[in-house]
Amino acid sequence: MSPTVALVHGAFAESASWNGVIARLSEHGLSVIAAANPLRSLSGDADVVAGLVSATEGPTSVRTATTRSSPLTCRRSVLLWTPSRGGR
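Quantities reported herein were computed from a predicted structural model and do not represent experimental measurements. (Residues numbered from 1 in each chain as written. Predicted model: local features only at pLDDT ≥ 70, side-chain atom pairs only at ≥ 80, totals over all residues. Heavy atoms only, no water.)

### What to know about the pairing of strand S1 (residues 4–8)
Step number 1: With respect to burial, S1 is a largely interior element, 5 of its 5 residues being buried.
Step number 2: Side chains Thr-4, Ala-6 and Val-8 project from S1 onto one buried face, and the interleaved Val-5 and Leu-7 project onto a second face that is buried too.
Step number 3: By the bridge criterion, 5 bridges tie S1 to strand S3 (residues 60–64) in an arrangement that is parallel. When the bridges of S3 are listed, Thr-4 appears paired with Thr-60.
Step number 4: Sheet analysis places S1 next to strand S2 (residues 32–35), joined by 4 bridges and oriented parallel. Counted as the bridge partner of Leu-7 is Ala-34 from S2. (Buried < 20%, exposed > 50% of the residue type's maximum accessible area, 1.4 Å probe, protein only. Helix = DSSP H or I, 4+ residues; strand = E, 2+ residues; numbered from the N terminus. Pairing = 2+ DSSP bridges.)

### Examining the environment of Asp-47
Step number 1: With respect to the element layout, Asp-47 can be found in helix H2 (residues 42–55).
Step number 2: Judged by its relative accessible area of 42%, Asp-47 is partly exposed.
Step number 3: Along the backbone, Asp-47 and Asn-37 are 10 residues apart, and their C-alpha atoms lie at a distance of 9.6 Å.

### Brief notes about unusual backbone geometry
When glycine is set aside, most residues are seen to have a negative phi, and most peptide bonds are trans.
Step number 1: Of note in this structure, Leu-39 is not a glycine but carries a positive phi near 55°.
Step number 2: Its location among the elements puts Leu-39 in the loop between S2 and H2.

### Quick word on H2
Step number 1: For H2, which comprises 14 residues, the first-to-last C-alpha distance of 20 Å matches the rise-based estimate of 20 Å (1.5 Å per residue) to within 8%.
Step number 2: Buried within H2 we find Asp-45, Ala-46, Val-49, Ala-50 and Val-53. Here the buried residues of H2 occupy an arc of 130° about the axis, which is enough to place them on one side. Those residues of H2 that are exposed and aimed more than 90 degrees away from the buried face are Ser-43, Ser-54 and Ala-55.
Step number 3: For H2, the capping residue at the N-terminal end is Ser-41, with a side-chain oxygen 3.0 Å from the backbone nitrogen of Gly-44. (Expected span 1.5 Å × (residues − 1). Arc of directions from axis to C-beta. Polar contact = N/O pair within 3.5 Å; in protein donor to acceptor, adjacent residues only side chain to side chain.)

### Quick look at the nonpolar core
Step number 1: Core analysis: the biggest nonpolar cluster contains 6 residues, these being Ala-6, Val-8, Ala-35, Val-49, Val-53 and Val-62.
Step number 2: Of all elements in the fold, only S1 and H2 reach the threshold of two or more residues within this core.
Step number 3: By size, the runner-up hydrophobic cluster in this structure holds 5 residues, among which are Val-5, Leu-7, Trp-18 and Val-32. (Core = buried A, V, L, I, M, F, W, Y, C linked by side-chain atoms within 4.5 Å.)

### Focus on the side chain of Thr-56
Step number 1: Within the secondary structure, Thr-56 sits in the loop between H2 and S3.
Step number 2: One polar contact links the side chain of Thr-56 to the main-chain carbonyl oxygen of Val-53, over a distance of 2.7 Å.
Step number 3: Not counting residues up to four positions away in its chain, the partners in contact with Thr-56 are Thr-4 and Ile-33. (Contact = heavy atoms within 4.5 Å.)

What follows is the structure, encoded as structure tokens:
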């Protein structure tokens, strides 16, 4: 089973900014979702992303639009990957 790809936007964006990426990944048979990251607080944003990941079945790979992925590092249940870290 391929992992579900969860896309998380950073500041000055919204989940719809991933629409082009979602379309291209879906064409390759991947299951893709975009988090509606509220950008209110570090812990609140982490809870939103963790909730999205928890609601998906099977493995989930989280991708971010920024290398400053602090909300994701707050939650152990989120598989984090950023370009600067090469994956983890």
